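Breakdown of the fold
Residues per chain, in single letters:
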Amino acid sequence: MLCERYADPRLAAVYDAMNPPGAHTAFYRDLAGEVPVRVLDLGCGTGLLACELAARGHHVTGADPAAAMLAVARGRPDGGLVRWVEADAAGLPPGSRFDLVIMAGHVLQIFTDDREVQAVLAAVRRHLAPAGRVALETRNPAVREWAEWNPRGTWQHVEAAGVAADVWYDIRSVAGELVTYETCYRFAGGQTVTVPETIRFMGQDQVATFLAGAGLAPVTWYGDWDWSPVGPGSPELIAVARSVTSDQKATV
Ligand SMILES: C[S@@+](CC[C@H](N)C(=O)[O-])C[C@H]1O[C@@H](n2cnc3c(N)ncnc32)[C@H](O)[C@@H]1O
């Protein structure tokens with residue numbers, strides 16, 4: 001079921017204020033390169049990255065099952081340059097092929113079950129052009145970023161599209177790889193909305209196994225948005241994997 005953070009228009013309205021562009025935006029922009037390619041931004045959310053890439057001449061499809069997030073995306077200044085699809089990976093237009101599929105903003109972590117991870121990666125593989133690439137990331141579990149998700153450390157005031165709110169995160173439980181936390185919104189009128197969400201923190205080996213199982217290999221790994229290699233304290237596990245055809249498999 002779609003998390004309320006993405007389904008509720010009032011919460012979608014402040015998403016960008018909580019998640020501004022940063023080093024990750026530049027990373028994906030450089031990864032796409034200068035020559036126009038077909039890009040799928042899967043789980044595109046409010047479309048910030050999709051629009052950035054489209055404005056640079058890439059042929060971009062932004063797919064997301066959350067209508068409220070897509071409404072924000074469509075309203076961006078460059079929103080008209082992107083083909084928006086209200087769907088998850090399974091609902092993509094049949095036959096569509098991409099040179100680069102991006103799952104930014106830790107979209108992979110939404111899939112908490114092995115079968116969900118396998119299904120989304122299999123769908124990505126189906127929609128990749130020969131020698132196409134998929135780029136995705138997950139927060140490094142070794143760094144335990146969730147330990148800092150408390151009201152004091154994360155409180156911020158955000159305003160966007162006429163919506164003003166105090167927002168903070170609060171950790172609820174850690175059960176193996178599954179971390180449950182709340183995003184709390186206190187709106188200007190005093191109303192508070194608390195949204196629980198469980199996300200999965202997979203290690204590098206596990207992500208590599210899922211990618212290989214979907215025919216997405218070899219993988220190049222980065223530990224941060226500055227293209228540095230993965231080390232024990234890297235905040236991110238960023239994977240860029242190629243779609244290998246059965247002909248190529250024999251030689252790789
Ligand atoms: C954390 S946001 C990331 C948004 C955007 N990629 C970014 O970098 O800001 C996660 C997004 O994944 C979307 N999402 C949820 N379930 C999904 C699914 N099954 N397939 C694709 N996207 C999904 C949500 O609607 C939300 O927009």
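In this convention, every chain numbers its residues from 1, walking through the sequence in written order. The predicted origin of the model limits local features to residues at a pLDDT of at least 70 and limits the giving and counting of side-chain atom pairs to 80 or more, whereas totals for whole chains, interfaces and linings rest on all residues. Each side-chain value is derived from all of the structure's non-hydrogen atoms; neither hydrogens nor water enter the calculation.

What to know about the domain arrangement of the protein chain
Domain boundaries shown here were taken from an automatic or database domain assignment. Split into domains, the protein chain comes out as domain 1 (2-140 + 201-243) and domain 2 (143-200). The centre of domain 1, based on its C-alpha atoms, is set 22 Å off from the matching centre of domain 2. Between domain 1 and domain 2, the residue contacts involve 28 residues of the former and 28 residues of the latter. Accessible area that two parts lose when put together, evaluated with a 1.4 Å probe and summed over both, is termed the buried area. Summed over both sides, the interface between domain 1 and domain 2 buries roughly 2,300 Å², with carbon and sulfur atoms accounting for 59% of that surface. For the domain 1 face of the interface with domain 2, the top three residues by lost area are Arg10, Met18 and Phe201, together amounting to 31%. In the sections that follow, a salt bridge refers to a side-chain nitrogen of Lys or Arg positioned within 4 Å of a carboxyl oxygen of Asp or Glu. For the interface between domain 1 and domain 2, the tally reads three salt bridges. Contributing elements (two or more residues each) for the side of domain 1 that touches domain 2: helix 1 (4-7), helix 2 (9-13), helix 3 (15-18), helix 7 (114-126), strand 5 (128-139) and helix 9 (204-213). Taken together, the residues that form the side of domain 1 that touches domain 2 break down as 15 nonpolar, seven polar and six charged. Only heavy atoms enter the contact rule, under which two residues are in contact if any of them lie within 4.5 Å. Secondary structure counts use DSSP, requiring at least four H or I residues in a row for a helix and at least two E residues in a row for a strand, with both numbered from the N terminus. For this classification, Asp, Glu, Lys and Arg are treated as charged, while Ala, Val, Leu, Ile, Met, Phe, Trp, Tyr, Cys and Pro are nonpolar and the rest, including Gly, are polar.

Concerning the pattern of salt bridges
By the definition in use, this model includes 13 salt bridges. For aspartate 166, the salt bridge identified is with arginine 186, shortest N-O distance 3.5 Å. With aspartate 166 in strand 7 (residues 163-175) and arginine 186 in strand 8 (residues 178-187), this residue pair connects regions lying 20 residues apart in the sequence. Exposure is judged per residue with a 1.4 Å probe applied to protein chains only, and the accessible area is read against the type maximum: over 50% gives exposed, under 20% gives buried, and values in between give partly exposed. The buried category is assigned to aspartate 166, whose relative accessible area is 16%.

What about the site of the ligand?
Taken together, 16 residues sit near the ligand, with Tyr15, Gly43, Gly45, Asp64 and Ala104 positioned nearest. Counted as a polar contact is a pair of N or O atoms within 3.5 Å, where, for protein atoms, one must be capable of donating a hydrogen and the other of accepting one, and residues adjacent in sequence contribute only when both atoms are in side chains. In this structure, tyrosine 15 approaches the ligand through a side-chain N or O atom, which is 2.7 Å from an oxygen atom. Interatomic distance of 3.0 Å between a backbone N/O atom of alanine 104 and a nitrogen atom of the ligand. In isolation the ligand offers 600 Å² of accessible surface; the protein chains occlude 87% of this area. Its residues placed into classes, the shell around the ligand shows eleven nonpolar, three polar and two charged. Put simply, a residue is near a molecule or strand once any heavy atom of it comes within 4 Å of that molecule or strand. Here the open area of atoms and residues is found with the Shrake-Rupley method and a 1.4 Å probe, where only the protein chains shown may cover a residue.

Here's the deal with the pairing of strand 8
Consecutive side chains of a regular strand alternate in pointing toward one face of the sheet and then the other. In terms of burial, strand 8 is a largely internal element, eight of the ten residues being buried. Any two strands with at least two DSSP-identified bridges between them are counted as paired. Taken together, the ten bridges between strand 7 and strand 8 define a ladder with antiparallel strand orientation. Among the inter-strand pairings, isoleucine 171 is bridged to a residue of strand 8, identified as tyrosine 181. Judged from the nine bridges that link them, strand 8 and strand 9 (residues 192-200) form a sheet pairing that is antiparallel.

Remarks on the sheet that holds strand 5
On the basis of which strands lie adjacent, the open sheet formed by seven strands has the order 3-2-1-4-5-11-10 and mixed pairing. On the outer flanks of this sheet lie strand 3 (83-85) and strand 10 (216-222), each paired with one strand and no other. If you compare each strand with its neighbour and ignore which way they point, the axes differ by 20 degrees on average. The pairing of strand 1 (residues 38-42) with strand 4 (residues 98-103) spans three bridges and is classified as parallel. What sits directly across from leucine 40, in strand 4, is valine 101. Axis lines are fitted to C-alpha atoms, over the contacting stretch for helices. Their N-to-C directions set the angle, which ranges from 0 to 180 degrees. In the packing of helix 9 onto the sheet, contacts are made with strand 5, strand 10 and strand 11 (236-243), and the angle to strand 10 comes to roughly 150 degrees.

Some thoughts on the sheet that holds strand 9
Strand order in the open sheet formed by four strands is 6-7-8-9, and the pairing between neighbours is antiparallel. With partners counted over all chains shown, the strands left at the sheet margins are strand 6 (156-160) and strand 9, one partner each. The mean angle between the axes of side-by-side strands here comes to 30 degrees, regardless of whether they run parallel or antiparallel.

A short note on the packing of helix 4 (residues 23-32) against helix 5 (residues 48-55)
Between helix 4 and helix 5, whose axes approach to 10 Å, the crossing angle comes to 40 degrees. On the basis of the axis angle, helix 4 is oblique to helix 5. As helix 4 packs across helix 5, the resulting crossing turns out to be right-handed. Across the interface between the two elements, Thr25, Tyr28, Arg29 and Ala32 from helix 4 touch Leu48, Leu49, Glu52 and Leu53 from helix 5. Its residues assigned to classes, the contact of helix 4 with helix 5 comprises five nonpolar, one polar and two charged. By definition in this entry, angles of less than 35 degrees are roughly parallel, angles greater than 145 are roughly antiparallel, angles of 65 to 115 are roughly perpendicular, and the rest are oblique. Take the far helix as the reference: if the near one is turned anticlockwise from it by less than a right angle, the crossing is left-handed, and if turned clockwise, right-handed.

Remarks on the packing of aromatic side chains
Between 30 and 60 degrees the pair is tilted, below 30 it is stacked and above 60 it is edge-to-face, where a pair is any two Phe, Tyr or Trp rings, Trp via its six-membered ring, whose centres lie within 6.5 Å. Evaluation of the coordinates by the stated rule reveals twelve aromatic pairs. Plain terms: the ring middles of tyrosine 169 and tyrosine 181 are 5.9 Å apart, the flat faces sit at 65 degrees to each other, and that makes the pair edge-to-face. Residue tyrosine 169 is located in strand 7, and its partner tyrosine 181 is located in strand 8; the two are separated by twelve residues in the primary sequence. For tyrosine 169, a relative accessible area of 15% corresponds to the buried category. Within the aromatic cluster, the residues linked to one another by ring pairs are Phe27, Tyr28, Tyr222, Trp225 and Trp227. Note on criteria: charge over ring means Lys NZ or Arg CZ within 6 Å of the ring centre, with the direction from the centre no more than 35 degrees off the ring normal. The ring of phenylalanine 187 carries the charged tip of arginine 10 above its face, separated from the ring centre by 3.8 Å.

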